[in-house]
Structures are given as C-alpha cells and as structure tokens.
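Residue-level listing of the chains:
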Amino acid sequence: MPAPSSDTDAKLADYAHPARLVTTAWLAEHRDDPNLVVVESDEDVLLYDTGHIPGAVKVDWHLDLNDPVTRDYVDGEGFARVMSAKGISRDATVVIYGDKNNWWAAYALWVFSLFAHPDARLLDGGRAKWAGETRPMTTEVPSRPATDYPVVERDDTTIRAFRDQVLAHLGRPLIDVRSPGEFSGELLHMPDYPQEGAVRGGHIPGAANVPWARAAAEDGTFRPRAELEALYQGEAGLSPADDVVVYCRIGERSSHTWFVLTHLLGYEKVRNYDGSWTEWGNSVRLPIEKGAS
Amino acid sequence: MSTLPASLADIVEDFTAVGPKDRLQLLLEMSQQLPPLPDRYAGHRESMEQVPECQTPLFLAVEVDDGGGVHLFFDAPPEAPTTRGFAGILREGLDGAGVEDVLAVPEDFYLGLGLGEAVSPLRLRGMAAMLARIKRQVRERDRQASSPR
C-alpha cells in the first residue's frame, strides 16, 4: 500500500526532516487514508476516553510501552504484541499526538524509534491545537483488526544513552531540559510533581539548561526552524555535528528535545538518557553540579 | 472489618468487581460526576487548598456542618480526567460522612480499588495526597467547631 504523502506545509518544509511532522489541516484531510493510524499518547491515561480524534487508538506510555518490572521499555516481542493488538502494521504511517505540547506523544515516538518503526510522525500542536480548532472528536473507540507486527529487536545503541555512557560522555554536550529550579538543585522534582523526586538536587556536570517547552510556541506547535536554531545553536552553543545527550527526570520531556534536535534541526547524533535525574541524582557517588547555568 | 464509610466501601466494591479495563471506565464516570463548585468557591481558588502531588493542579475545600458532617469540594480541569476521577471517588465516598468516619479511612484505602494495574501506581499517589489533606482540614475544622466562643 502506498504511504500517505508528506505534508508540504511551508513551515514544516524548513525543518531537516519535514516528513516527521504533519499539521492539523493535513491530518484532517488524510486521517481516513488506508495505511495511516492515528495514535493518542497523553500524560493523563483517561484523556483519550473523554474524546479523541476519530479513528485514533490510545497508546499509554506507562501501561503499553514500559516493562513494569525491569524499569525498561518493552522488548521486541512486547512491542510487537502492543502494535498488533492496536492494529498497527510495520508499514503503517503512524501519526502521534497528545496533551501538553505533545510531551508524551514525543516520548511515544521516541520509543517507536527504538524499534525503528519506519514512518512515525507527530501532529504539530497536538491534541490542544486539534481540539481548539473545533475539529471532530469522538468517544467511540475504533476496532482495528489485529495485525501481525514483526518482532524487531530494540536498538538501544543509537538514540538511547545509559548511565555509564553518560559518565564517559562528561565534557561533551549535555542538555538538561528540566525547569531552572530543578537544574539548579533548588527543587528535587518538577514543579507540581513531588512524587517523582530524587535525593539530591542539581544537574549532570557540564549540562546546559534549556527547558523543553521553550521549543514550543504558545499554541503548542514547534517553533519555526530559525527560532529553534537561535535557541539551541545560539543560546546553548550546540552545533549540528555534536554528539549530544539530552535528559530530564525520566526521559519523557527530553524525548521532546530529542525530536527537535534530530528531526527538526537535523542533528545526527542525539541520544536520550532515559534514566535521567531519577537515576543520576539518586546514584551513589556520581558527580553532580549545583546552581544556575 | 472494613473501616470505610458505607458509600466509599460501595465504590471500592464496584471497582474490584470488574476487570482493569472497566475500572478505567468507572473512573471516567466518577470524573464526569464530580459536581461543579458552588458559587462561594467558584472563581475563589484562594479560599481552597492546592494539592500539588496531583499531576495536574487540583484544589479542594473541606467544610464540617453543625451536625458534624463533612462536605468536600474539588476543582480540577476537564483535561485532567484521572485527577477528577480520584476527586470524584472521594467526593462520592466521603461527602456527608461524619468527622470520625473520615478520619478513620485508612491512608492506603485506594490500593483496594485495583487501579494500580489500570492507571499505574505512580499516578495513584495523588489520591493519597488528597486524602491526607482532607483529613488535616477535617481535624482543623473540627477543632474550630468544638472550641468555646
């Protein structure tokens, strides 16, 4: 089956990989394309059930993509099981959207990328933009026929970083995408999320602080390429050839920044450290820095 | 054996009687049944207490009437249905119960709802925080009511 076309929107065309993003207008036109599956991935596990884009299936970051025992993502078999049950085939174009500036949608897309799902895209602006444009929403849960998604081994070497790799990476570019209060060490958790804290406050030595949501405009869409370059290249001093590690608290906010650097700005070596501050900050004898950048 | 007020015990029973998928549906219904704030609180968040442990801002207020009955008021946005659902459970389960009954609710009663599997344990902690804050407010109100004028 032919893959649905890419969105030719002018803003998207400026990005390094414009095929990784679609606008709400494009999705409105293409959501019934035969080989396209819309996926909603939210922080709030019930939000999908209050209404979603017609035809969309829910993928929950915690219940579907995590292994509850090993603090890891599902393995190839687990991912194949989830995809097959949701009716997503390996050659499907998957358009992912969600709440909070696509925070959890970007996280889901990053996990899809660990399994190299060939065509996974984000809906620019996410759920809030679609709903704000009073486009159709429904509570009807689609029944997609199960597929036979192949078992693909998870690739943890390309876009994922582990603790010891980050330790060896010190001195090279690191972006901490948490709030300034978490970065300085003043807060042991994200504002309003005290249950997911660490025993020490601060950041990984040498990290620059660029809170993730600065990549999003007021309406939740990604900022235009020139503004993103000013932020990451100008302000944070990165360059596209850099070997970059991004992190936050558990790797979800930094998935958003990983998406920006990789797909919007075309950086070729960006890894997300999903252990992030809940691992680093709690680990015995790992070096940290305190204070503002 | 259970120390839960009857309405809360009923809710726990409803949740445990069904599988994880239907539990989510029940939680969604609880979120939809959460009543709007009365005029004296609507638009007056400064008179309510924030529960920062919830993933989305939630505000609550507690009143104790002359007969010793506890009344609960919650404010959470529609885009936070899980938090609203937790509030809905506490509202329907505890509103109208006596001070002693509310204070006797075990801190971990929510584990009995079987929601850990359906919404993940991490998300459940907001519920414990709401209950703790409700109890603290009930103690304060109760002390005020019984102190001589």
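Quick caveat: nothing in here was measured; it's all calculated off a predicted structure. Residue positions are given per chain, counted from 1 along the sequence in the order it is written. For this description, chains carry letters from A and ligands carry numbers from 1, given in the order in which they are written. Local features in a predicted model are, by the rule used here, given only for residues with pLDDT of at least 70; side-chain atom pairs are given and counted only at 80 or more, and totals for whole chains, interfaces and linings are based on all residues. The basis for every side-chain value is the complete set of non-hydrogen atoms in the structure, without hydrogens or water.

Draft legend 1. Highlighting the overall build of chain B. Counting from the N terminus, the helices are the DSSP runs of H or I reaching at least four residues and the strands are the DSSP runs of E reaching at least two. Each helix and strand in chain B was counted, giving 6 helices and 3 strands. Going residue by residue from the N terminus, the α and β elements of chain B occur as α-α-β-β-β-α-α-α-α. Relative to its length of 149 residues, chain B is compact, with a C-alpha radius of gyration of 15 Å against a globular reference of 15 Å. Expressed as lengths along the three principal axes of its C-alpha atoms, the size of chain B is roughly 50 × 40 × 25 Å. Throughout, exposure labels follow a simple rule: accessible area from a 1.4 Å probe, protein chains only, divided by the maximum for the residue type, with under 20% read as buried, over 50% as exposed, and the rest as partly exposed. Relative to its full complement of 149 residues, chain B shows a buried share of 49%. Contacts in chain B between residues far apart in sequence, at least 24 positions, make up 66% of those at least 6 positions apart. All accessible areas in this document rest on Shrake-Rupley with a 1.4 Å probe, and a residue is counted as covered only by the protein chains that are shown. For chain B, the computed accessible surface area is about 7200 Å², with 50% contributed by carbon and sulfur atoms. All radius of gyration figures rest on C-alpha atoms, and the globule criterion is 2.2 Å times the number of residues raised to 0.38. Any pair of residues with heavy atoms lying within 4.5 Å of one another is described as a contacting pair.

Draft legend 2. Spatial organisation of the sheet that holds strand 2 (residues 59-64) of chain B. Residues and elements named next belong to chain B. Pairing between strands requires that DSSP locate at least two bridges from one strand to the other. Here we have 3 strands laid out as an open sheet, ordered 1-2-3, and antiparallel in their pairing. Here the strands that pair on one side only, and so sit at the sheet edges, are strand 1 (49-50) and strand 3 (70-75). Relative to strand 3, strand 2 is paired through 6 bridges, and the arrangement is antiparallel. Pairing of Val64 across the sheet is with Val70, part of strand 3. Between the N-to-C directions of two axes lies an angle of 0 to 180 degrees, each axis being a line fitted to C-alpha atoms and, for a helix, fitted only over the stretch in contact. Packed onto the sheet, helix 6 (residues 121-146) meets strand 1, strand 2 and strand 3 and runs at close to 35° relative to strand 2.

Draft legend 3. Examining the side chain of Lys58(A) more closely. Residue and element names in this part refer to chain A. Along the polypeptide, Lys58 turns up in strand 3 (residues 57-58). A polar contact of 2.8 Å, which involves the side chain of Lys58, links it to the backbone oxygen of Val45. N or O atoms within 3.5 Å of each other form a polar contact, as long as, within protein, one can give a hydrogen and the other can take it, and as long as residues adjacent in sequence are counted only when both atoms are side-chain atoms. Within the structure, the side chain of Lys58 is placed 2.8 Å from the side chain of Asp49, a separation counted as a polar contact.

Draft legend 4. Representation of the interface of chain A and chain B within the structure. At the junction of the two partners, chain A supplies 19 residues and chain B supplies 22 residues. Accessible area, probed at 1.4 Å, shrinks when two parts are joined; the buried area is that loss added up over both. Taking both partners together, chain A and chain B bury about 1700 Å²; carbon and sulfur atoms supply 56% of that area. Note on definitions: salt bridges are taken to be side-chain nitrogens of Lys or Arg within 4 Å of carboxyl oxygens of Asp or Glu. Where chain A packs against chain B, one counts 0 salt bridges. Run the count over chain A and chain B and you get 1 residue pair in polar contact (both at pLDDT 80 or more). In the scheme used here, Gly and all other residues not listed as nonpolar or charged are polar, with Ala, Val, Leu, Ile, Met, Phe, Trp, Tyr, Cys and Pro taken as nonpolar and Asp, Glu, Lys and Arg as charged. A per-class count over the side of chain A that touches chain B returns 7 nonpolar, 3 polar and 9 charged.

Draft legend 5. Structural detail: the layout of surface pockets. Estimates place the volume of the largest pocket at around 680 Å³. Residue assignment for the lining of the largest pocket shows that the elements contributing at least two residues are strand 3 and helix 3 (76-86) of chain A together with helix 2 (20-33) and helix 5 (116-119) of chain B. A total of 5 residues in the lining of the largest pocket trace back to one element, the largest contributor, which is helix 2 of chain B. Looking at side-chain class alone, the lining of the largest pocket contains 10 nonpolar, 3 polar and 9 charged residues. A pocket here means an open set of points on a 1 Å grid, computed over the protein atoms alone, that has protein on both sides within 12 Å along at least five of seven lines. A cavity is instead a set of points where a 1.4 Å probe fits but cannot get out; residues with an atom within 4 Å of a point line either one. Grid points are joined across faces, edges and corners, and a volume is the space filled by probe spheres set on the points. Considered as a void within the structure, the second largest pocket measures approximately 580 Å³ in volume. Along the walls of the second largest pocket sit 23 residues, with Trp61(A), His62(A), Asn66(A), Arg71(A) and Leu122(B) positioned nearest its centre. Those elements giving two or more residues to the lining of the second largest pocket turn out to be strand 4 (66-67) and strand 5 (72-73) of chain A together with helix 5 and helix 6 of chain B. Considering each element in turn, the lining of the second largest pocket owes the most residues, 3 residues, to helix 6 of chain B.

Draft legend 6. Region of the structure containing the pattern of salt bridges. All names here are of chain A. Counted according to the given criterion, the structure contains 30 salt bridges over all chains. For the salt bridge of Lys100 with Glu43, the shortest nitrogen-to-oxygen distance reads 2.5 Å. Within this pair, whereas Lys100 is found in the loop between strand 6 (93-97) and helix 4 (103-114), its partner Glu43 is found in the loop between strand 2 (36-40) and strand 3, the two being separated by 57 residues in sequence. According to the relative accessible area criterion, Glu43 is buried, its value standing at 2%. A salt bridge links Arg160 to Asp156, with the shortest nitrogen-to-oxygen separation between them at 3.1 Å.

Draft legend 7. Summary view of the environment of Lys290(A). All names here are of chain A. Relative to the helices and strands, Lys290 resides in the segment after helix 10 (276-280). Residue classification places Lys290 among the exposed residues on the basis of a relative accessible area of 56%. It is 7.2 Å that separates the C-alpha atoms of Lys290 and Gly201, two residues lying 89 residues apart in sequence. Apart from the residues lying within four places of it in its own chain, the contact partners of Lys290 are Ser184, Gly185, Gly201, Gly202 and His203. Within the local environment of Lys290, its side chain forms a polar contact with the backbone oxygen of Gly201, the two atoms lying 2.7 Å apart.

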